[in-house]
Amino acid sequence: MNVEVTPLPGIGTRQDFVARAGRRIGVITYRDGRFELIISRQDDPDACTASIPLSVEEASALAGLLGAPQLVADLRKENEGLTGVHTKQLSLLHGSPFDGRTLGDTQLRSRTAVSVVAVVRAGTVHPSPRPDFVLGGGDALIAVGTTEGLAKAADVLDRG
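Reading the values: the criteria
- Along every chain, residues carry numbers that run from 1 in the direction the sequence is written.
- It should be noted that, the model being predicted, local features are given only for residues of pLDDT at least 70 and side-chain atom pairs only at 80 or more, the latter also being counted only at that level, while totals for whole chains, interfaces and linings use all residues.
- In computing side-chain values, all of the structure's heavy atoms are included and hydrogens and water are not.
- The working definition used for a salt bridge is a side-chain nitrogen of Lys or Arg within 4 Å of a carboxyl oxygen of Asp or Glu.
- Summary of the burial criterion: residues with accessible area below 20% of their type's maximum are buried, those above 50% are exposed, and those between are partly exposed, where the area comes from a 1.4 Å probe applied to protein chains only.
- We define a nonpolar core as any set of buried Ala, Val, Leu, Ile, Met, Phe, Trp, Tyr and Cys residues linked to one another through side-chain atoms lying within 4.5 Å.
- Every helix listed is a DSSP run of H or I at least four residues long, and every strand listed is a run of E at least two residues long, numbered separately from the N terminus.
- By the convention used here, residues are in contact when the closest approach between their heavy atoms is within 4.5 Å.
- Pairing of aromatic side chains here covers Phe, Tyr and the six-membered ring of Trp, requires ring centres within 6.5 Å, and sorts the geometry by plane angle: under 30 degrees stacked, over 60 edge-to-face, intermediate tilted.
- Here, a charge over a ring is recorded when the distance from Lys NZ or Arg CZ to the ring centre is within 6 Å and its angle to the ring normal is within 35 degrees.
- The rule for pairing is simple: two strands pair if DSSP sees at least two bridges between them.
- All axes here are fitted lines through C-alpha atoms, helices being fitted over the stretch that makes contact, and every angle between N-to-C directions spans 0 to 180 degrees.

Undergrad: Before we move on, can you summarise the pattern of salt bridges with the specific residues and values?
TA: Summed over the entire model, instances satisfying the criterion amount to 9 salt bridges. Across the pair Arg41 and Asp43 runs a salt bridge, and its minimum N-O distance is 2.9 Å. When the shortest N-O distance is used, the salt bridge between Asp105 and Arg101 registers 3.5 Å. The class for Asp105 is partly exposed, based on a relative accessible area of 35%. Look at Arg101 and you get partly exposed, because its relative accessible area is 37%.

So, in C-alpha cells, the structure goes:
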C-alpha cells in the first residue's frame, strides 16, 4: 500500500492512500495536534466528500481499532501450530486502575503468566515495552499467553 505524505505549509501534514474502490482515505494532522479523517469522492479522488474532525482520544481509538487487530492477526499467524500459545488484544480503558501507571505496576507476567509483546497507542506500535512503560487509557496491549491467563490479564487491567 502506497501512503502519500503531503506537507501542508502552515497547517500540518496529510497522509493518505487510494483504496481499492478508488477513494482516497487519509488523515490531516494539524500543527496544533488536532486530526481530521478525510475521504474523497469516488468519481474524483481530489475532491473531499467527508471530513470528520477527531480529538486526540478519538484518533487514538480509531488507530487502535484499525492497527492493533492486524498486529494480533500477524502474531497469530506466526504462532500457528503452537499448542497453548494464544495472542490477544487487551484494551486499557480510560479510568482503568492502570491508566497513567507503568506496565510493571500491573505485574501481569507474575500474576497471569501473560507477556505483553507490544502496546499500540494512537496508531504507533511500541514493541517489547519495558516495565517502566507508562500505560494510558485507550492503549491496546498485545499479549501472549494461555487462554486462561489472557482472560485473567483482561480482568486485572479492568479491576486492578
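What follows picks up the thread again.
Undergrad: Hey, could you go over the nonpolar core for me, with residue numbers and the actual values?
TA: Ranked by size, the top nonpolar core spans 16 residues in total, and within it Leu108, Leu135, Leu141 and Leu157 carry the most contacts. Among the elements of the structure, β7 (115-121), β9 (140-145) and α4 (147-159) are those that each provide at least two residues to this core. A total of 4 residues in this core trace back to one element, the largest contributor, which is α4. In contact with Leu141, other than residues within four places in its own chain, are Lys88, Gln89, Leu90, Leu92, Leu103, Leu108, Val116, Ala118, Val119, Leu135 and Leu157.

Undergrad: So, the packing of aromatic side chains: which residues are in play, and what are the values?
TA: Enumeration over the complete set of coordinates arrives at 0 aromatic pairs. The ring of Tyr30 has Arg34 sitting right over it, with the charged end atom 4.1 Å from the ring centre.

Undergrad: Before we move on, could you go through the sheet that holds strand β5 (residues 48-54) and cite the residues and values that matter?
TA: Across the sheet, which stays open at both edges, the 5 strands sit in the order β1-β2-β3-β4-β5 with antiparallel pairing between neighbours. Whereas interior strands pair on both sides, the edge strands pair on one side only; in this sheet they are β1 (4-8) and β5. Averaged over all pairs of adjacent strands, the angle between their axes in this sheet comes to 20 degrees, without regard to strand direction. Note: strand β2 (residues 12-18) against strand β3 (residues 24-30), 7 bridges, orientation antiparallel. Bridge pairing in β3 places Phe17 opposite Ile25.

The values reported here are purely geometric and, on their own, carry no functional implication.
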